[in-house]
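What follows is each chain in one-letter form.
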Amino acid sequence: MSIEPSSESSPPIPRLIHQTWKTRDIPPEFQAFQRSWIDRNPGFAYRFWTDADIEHFVAEEHPALLPVFRGYADPIARIDLARYLILRRFGGVYADLDFECLRPVDGLLDGRSFVVGLEPEEHGRLAKAVERGLPRILCPSFLASVPGHPFWDHLLARLVEARRCADVLDATGPFLLTRAHGGYRGEGPAAVTVLPPDLLYPVTKEECWSGRLFDLAFWEQATRRAYAIHYWEGTWFRDVAERGAGLPRQVAAVVTDGRPEDARLPVAMPEGLPLISCLMVTRGRAGPLEFAIDGFVRQTYPNRELVIVCDSPALPQDDPLDLAIDRAVRAANRPDIRLVRVEPGGQPGGRTLGELRNIAVDHAAGRYVCQWDDDDLHDPCRLEMQQRVLAVAGAQACLLGRWMIWWPTQEQLAMSCERDWEGSLLCETAAMPRYPHLRHGEDTAVVERLRRDARVVRMDMPRLYAYVVHGGNTFTARHFEAHWQAAAVRFSGDRCRAVLEEMAKRLPVEAYRRAIAPAPVPSPSVPAASAARQDAVLVLTPVKDARLHLPRYLDLLGRLDHDPSRLSLGLIEGDSRDGTHDWLAERLPDLHGRFRRVTLLRHDYGFLPDGPRWAPSIQRRRREVLALSRNRLLSGALGDEDWVLWLDADLVDYPPDLLARLLAAGRDIVVPHCVLPDGRTFDLNSFRLEGEEDPGHLVDGIFQPPRGAGRFYLDAFPGEEIVPLDGVGGTALLVRADLHREGLCFPSYSHRGYIETEGLAMMAKDMGVTAWGLPGLRIVHGSH
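None of these values were measured; they are calculated from a predicted model.

1. Some points on the sheet that holds strand S6 (residues 138-145)
Strand order across the open sheet formed by six strands is S2-S1-S3-S6-S5-S7, with mixed pairing between neighbours. Lying at the two open borders of the sheet, with one neighbouring strand each, are strand S2 (45-49) and strand S7 (193-195). Within the sheet, the average angular offset between the axes of one strand and its neighbour, ignoring direction, is 25 degrees. Looking at chain direction, strand S3 (residues 92-95) and S6 are connected through four bridges and run antiparallel. The residue bridging Gly92 from the neighbouring strand is Ser145, located in S6. The sheet strands contacting helix H2 (residues 51-61) are strand S1 (16-20) and S2, and the helix crosses S2 at an angle near 90 degrees. Of the strands in this sheet, S1, S2, S3 and S6 touch helix H4 (residues 75-90), which is tilted by about 20 degrees from S6.

2. Here's the deal with the confidence of the model for the chain
Residue-level pLDDT values for the chain average 88, and 89% of them are 70 or greater. This stretch, residues 258-262, has a pLDDT under 50; its non-local contacts, to residues over four places away or in other chains, come to six contacts.

3. As for the sheet that holds strand S22 (residues 489-492)
Within the open sheet, the five strands sit side by side as S15-S21-S17-S18-S22. Their pairing is mixed. Of all the strands in the sheet, just strand S15 (377-378) and S22 have a single pairing partner and so form its edges. Examined bridge by bridge, strand S17 (residues 404-407) and strand S18 (residues 412-415) share four bridges and lie antiparallel to one another. For Met404, the partnering residue across the bridge sits in S18 and is Met415.

4. Section: the pairing of S17
By the alternation rule, side chains of S17 split into Met404 and Trp406 and Ile405 and Trp407, which are all buried. Hairpin remark: S17 followed by S18, antiparallel, with four residues in the connecting loop; positive phi at Glu411, about 55 degrees. Both S17 and strand S21 (residues 465-468) contribute to a ladder of three bridges, which runs parallel. When the bridges of S21 are listed, Ile405 appears paired with Tyr467.

5. Examining the nonpolar core
Ranked by size, the top nonpolar core spans 59 residues in total, and within it Trp37, Leu109, Phe142, Leu413 and Met503 carry the most contacts. Excluding anything up to four places from it in sequence, Leu413 contacts Met404, Ile405, Trp406, Trp407, Trp484, Val489, Arg490, Phe491, Cys496, Val499, Leu500 and Met503. Counting residues in each nonpolar core, the second largest holds 48 residues, with Val255, Ile325, Ile405 and Val469 among its members.

6. Description of helix H19 (residues 477-486)
What H19 keeps buried is the set Phe480, His483 and Trp484. Along H19, the residues classed as buried sweep out an arc of 105 degrees about the axis, all on the same side. Along its buried surface, H19 packs onto S17, S18, strand S19 (421-428), S21 and S22.

7. A closer look at the side chain of Thr757
Turning to its location among the elements, Thr757 is positioned in helix H29 (residues 756-766). Given the relative accessible area of 1%, Thr757 is considered buried. Setting aside chain neighbours within four positions, we find Thr757 in contact with Arg623, Arg630, Asn685, Val728, Gly729, Gly730 and Phe746.

8. Things to note about the pattern of salt bridges
Counting across every chain of the model gives 63 salt bridges. Arg89 serves as the salt-bridge partner of Glu61, at 3.5 Å between the closest nitrogen and oxygen. In this pair, Glu61 is assigned in helix H2 and Arg89 in helix H4, connecting sequence segments 28 residues apart. Assessed through its relative accessible area of 40%, Arg89 is described here as partly exposed. The residue Arg338 makes a salt bridge to Glu305 at a minimum N-O spacing of 3.1 Å. With Arg338 in strand S13 (residues 337-341) and Glu305 in strand S12 (residues 304-310), the pair connects residues that are 33 residues apart, well separated along the chain.

9. Some thoughts on helix H9 (residues 174-182)
Working note: α-helix, 3.6 residues per turn, so residues spaced by three or four point in the same direction. The buried count for H9 comes to seven of nine residues, which makes it a mostly enclosed element. Three or more residues of H9 are buried, namely Pro174, Phe175, Leu176, Leu177, Thr178, Ala180 and His181. Close packing links the buried residues of H9 with strand S5 (114-118), helix H6 (127-132), S6, helix H7 (150-161), helix H8 (168-171) and S7.

10. With respect to unusual backbone geometry
With phi around 50 degrees, Asn333 is a residue other than glycine that occupies positive phi space. Turning to its location among the elements, Asn333 is positioned in the loop between helix H15 (324-332) and S13. For Asn333, a relative accessible area of 65% translates into the label exposed. Residue Glu411 is not a glycine yet carries a positive backbone phi of 55 degrees. Position of Glu411 relative to the elements: it lies in the loop between S17 and S18.

11. A word on the packing of H7 against H9
Running from N to C, H7 and H9 cross one another at 120 degrees; their axes reach a closest spacing of 10 Å. The orientation of H7 with respect to H9, classified from their angle, is oblique. Seen from above, H7 lies across H9 with right-handed handedness. For the pair H7 and H9, contact is made by Phe151, His154, Leu155, Arg158 and Leu159 and by Leu176, Leu177, Arg179, Ala180 and His181, respectively. Looking at the contact of H7 with H9 residue by residue, the classes come out as six nonpolar, two polar and two charged.

12. As for the packing of aromatic side chains
Considering all chains together, one arrives at 27 aromatic pairs under this definition. With a centroid separation of 5.3 Å and 45 degrees between ring planes, the pair formed by Phe703 and Tyr754 is classed as tilted. Separated by 51 residues along the polypeptide, Phe703 in strand S31 (residues 702-703) and Tyr754 in the loop between helix H28 (737-741) and H29 bring together distant segments of the chain. Residue Tyr754 is classed as buried on the basis of its relative accessible area of 4%. In textbook terms, an aromatic cluster arises when at least three aromatic residues are bridged by ring pairs, as seen for Trp37, Phe99, Phe142, Tyr201 and Trp232. The ring of Trp421 carries the charged tip of Arg419 above its face, separated from the ring centre by 4.4 Å. One residue, Arg490, lies across the ring of Trp484, its end atom 5.7 Å from the ring centre.

Cut-offs used in this document
- Residues numbered from 1 in each chain as written.
- Predicted model: local features only at pLDDT ≥ 70, side-chain atom pairs only at ≥ 80, totals over all residues.
- Heavy atoms only, no water.
- Pairing = 2+ DSSP bridges.
- Helix = DSSP H or I, 4+ residues; strand = E, 2+ residues; numbered from the N terminus.
- Axes fitted to C-alpha atoms, helices over the stretch in contact; angles between N-to-C directions.
- Contact = heavy atoms within 4.5 Å.
- pLDDT = per-residue confidence, 0-100.
- Buried < 20%, exposed > 50% of the residue type's maximum accessible area, 1.4 Å probe, protein only.
- Core = buried A, V, L, I, M, F, W, Y, C linked by side-chain atoms within 4.5 Å.
- Arc of directions from axis to C-beta.
- Salt bridge = Lys/Arg side-chain N within 4 Å of Asp/Glu carboxyl O.
- Parallel < 35°, antiparallel > 145°, perpendicular 65-115°, else oblique.
- Left-handed = near helix turned anticlockwise from the far one by under 90°.
- Nonpolar A, V, L, I, M, F, W, Y, C, P; charged D, E, K, R; others polar.
- Phe/Tyr/Trp six-rings, centres within 6.5 Å; stacked < 30°, edge-to-face > 60°.
- Lys NZ or Arg CZ within 6 Å of the ring centre and 35° of its normal.

The structure is reproduced here in structure tokens:
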């Protein structure tokens, strides 16, 4: 099996994505998957084909195959043939609509002329595969090729021979594709690259159909290396009812009467849907409670009510100080949401949480009550699944044994340890003990009493509940740090963002994060006087083919909250083919009016590579040219400024206080955390070494390790304000100007194995100066 790029040169696979459906009315369940291919591959063109488009294409381009095409009784066979003919003609990437793209697919295509993936090994052990003696199966749900690749003619010849096969899998599908590949002997540019299952098909049909992917720990582990994930929806042989919502068919549960620890309960919906009263206690704080109410509204369990108990004073409806709880309840406009206001009571701090929970129980009309905290996120099927398990177990109370814990401001996410999570309680109203009058920990005593006196089932379905650590919780930070350390699974950095994105399919993750985000303030560890400095700063930017990015570049620059009379601007253009220099020259009069000084230089280096700029083979020359360009700009533009801010032209967003916060760090060299629009770290030149670099990673005299090999990027330091670095990138780099005057430059040669910005950091280290990074200060780079 070949999975390495071809050593022989071949034309690149076109950056073009093809997808098909019967009509242009794509089913809602596939629309997000379709968008994932467009959003994660911004440099790709996209072409959508309907059945009518395909019929016309085959008739026009392949009239000889039209009898075969129309002779198929099964419509999916016609789609199979169509995808082969489309890629033979146009090249590019084909992906089924039940395929989700997880990351840009360029890494799968570079240096290859034909790409196909293997299905999971388990599929080779299914009955049909065993009958045919096919232990490994190539899947046509994702295909990529150059136009006219010779394998297509080989495959089409086999397809015509097999056109009368009764089973579509043999006639046009995976079994045909697998057999055709087995008899193909192409090499070099004619080779077929077969990818292992974990890159495109990381999960099996059964894992999808049984709801296994609802388990976030399983999902995260399965997708670690995956570029995409196929959900095996099987629209051509499974109906909508069979496809379902992806919920688990069985749930691990423990019942207090001594059933085995590993008992698994079926979760069919029981007969009769008793009323469940969800009980929320709040003091009307803004932000999170609106999401808790929305979580109730979106529940799939139909017979429910929400009782909200608030001990904040009521205000008139038109009062300008109207409380958030009143606004949220009125906005929901639902008869099954009731607001109960109570007097705060005579104690300092008002009524205890235990008292308020008892009042909520007393106002409940349901046969069951469910604790519904006002600052957490509740999965839409929480009530449905807990009620199902409770009914099947014949229990009086149901608890989650694990739940998710999320630290939004620290980019940390955990799947908790196993215990009774009191906040998830669903219980028969008649069996509910009274809460003790405590300000926190009141629900622990209730669960302990239920454990003694009632039949309790504890179910393992952590995704139903996300407990949010937002800084205003009842317990202290030390309490939650203990839970982080004790967690069964912890996610941080890129994997935290990946799991949160998966959770966001069912929960308003990003909206919640924005709602609780504090206003940016200077770090308390930084002297206030430093944060307020308005030193003279020179912004320097090398540009090449940047015309499309420059309007946004200048717009963002104009938003900086630094005194414009203390800002100077310097640009150097070289080797552009899009009129970048002329565009800038036309705007020089306006720029001179906006900045203290403006310098525009031009120097061509004749560096015009044909391939992608990140290809390892050109890195030495590319960064050498960039270093020479930076040094030339520095020499021609630096005047009496105190600082130099190096900025990329293709940043798409950064906060207006970017410069103020970099200055406030009080360091001679400092960088922010540069990410892509989806939150993944972009600038891999900003890193801290784990140890010594591996000499095997030297390419053309500079270290070019695989991502993460021996290096920690800024996403590895969530919650830390500032960290020392061994390398820095130039997307946004602040340098004390005197260091440049003392000889600190960008090496255009290998300086101890590093070049350009990384070389600058190493050269600074030789001068006794450390570079620093701010993990929490994020700027966004374009994903082109």
